[in-house]
Each structure stands twice: as C-alpha cells, then as structure tokens.
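This is what each chain is made of:
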Amino acid sequence: TLRLFRLLKLLRLLKLSSKLGNTGGRDISEIIPPAMIRLIKLLFKIMFIAHLLACFWFLSNECIAISDPSISEEDEAVWED
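Because the structure is a prediction, the values reported are computed rather than measured.

Reading the values: rules and limits
Residues numbered from 1 in each chain as written. Predicted model: local features only at pLDDT ≥ 70, side-chain atom pairs only at ≥ 80, totals over all residues. Heavy atoms only, no water. Helix = DSSP H or I, 4+ residues; strand = E, 2+ residues; numbered from the N terminus. Buried < 20%, exposed > 50% of the residue type's maximum accessible area, 1.4 Å probe, protein only. Areas by Shrake-Rupley, 256 points an atom, 1.4 Å probe, with all protein chains shown as cover. Patch = residues over 30% accessible without salt bridge, like charges linked within 9 Å, V, L, I, M, F, W, Y side chains within 5 Å. Salt bridge = Lys/Arg side-chain N within 4 Å of Asp/Glu carboxyl O. Lys, Arg positive; Asp, Glu negative; His and termini not counted. Charge placed at Lys NZ, Arg CZ, Asp CG, Glu CD. pLDDT = per-residue confidence, 0-100.

*Asks:* Quick one: what's the story with the overall build of the protein chain, residue by residue and with numbers?
*Replies:* In terms of helices and strands, the protein chain carries 4 helices and 0 strands. For the protein chain, the N- to C-terminal ordering of α and β elements is α-α-α-α. Residues counted as buried form 4% of the 81 residues belonging to the protein chain. Total accessible area computed for the protein chain in this model is approximately 7,900 Å², and 69% of it derives from carbon and sulfur atoms.

*Asks:* Which residues make up a positive patch on the surface, and what are the values?
*Replies:* On the surface, Arg 3, Arg 6, Lys 9 and Arg 12 cluster together into a positively charged patch. Structurally, the position occupied by Arg 12 is in helix H1 (residues 2–21). Among the residues examined, Arg 12 registers a relative accessible area of 55% and is labelled exposed.

*Asks:* Lay out a nonpolar patch on the surface with the relevant residues and their values.
*Replies:* Together, Ile 31, Ile 32, Met 36, Leu 39, Ile 40, Leu 42, Leu 43, Phe 44, Ile 46 and Met 47 make up an exposed nonpolar region whose accessible area comes to about 920 Å². Element by element, the count of residues in the nonpolar patch is highest for helix H3 (residues 34–67), at 8 residues. Along the polypeptide, Met 36 turns up in helix H3. Judged by its relative accessible area of 41%, Met 36 falls in the partly exposed class.

*Asks:* So what about the confidence of the model for the protein chain? Which residues, and what values?
*Replies:* Per-residue pLDDT for the protein chain has a mean of 77; in total, 64% of the residues score no lower than 70. Of all secondary-structure elements in the protein chain, the lowest mean pLDDT belongs to helix H4 (residues 73–80), at 55, while H3 reaches the highest, 87.

Rendered as structure tokens:
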C-alpha cells in the first residue's frame, strides 16, 4: 500500500511538471505581461541594493568598534545584541 501511495504521488508530480513545462512554444512574454517582468526586475534590483547598504552599514559598525579603543568589551556586548 505504501508503494502504491508513492507511485500515485509520483504520477501527480509528473502530471504537474508536464503542465508547467508545456508552454506550447510560446514566449515567456506571452504568458507573463512585460510590465510585470519589469516590475519584478526592479524589485530585485532594489532588494539587492538594500542588501548591499545593510552590509556596508554592518561593516562600518564593526570598523568603529575595532578602531575605537575607548569602547570596552561590555559596550561591544551591547552592540552585538
């Protein structure tokens, strides 16, 4: 019975993959509107730039903590929390 269940599950996955993979020779722009593609690209660019800014923000904090000898270890523990 377990093998039968797994076989049925596999058949459902194969059926789903054939439906998703069958675009009928159409271009992706016929399926997804070009404005939506541009919007998704813009969102990814914004997210990437925000990620880089956050990385540089974190790096600047680390550089300040390393270069400033007046910061004690207790202060560094506060920064890490």
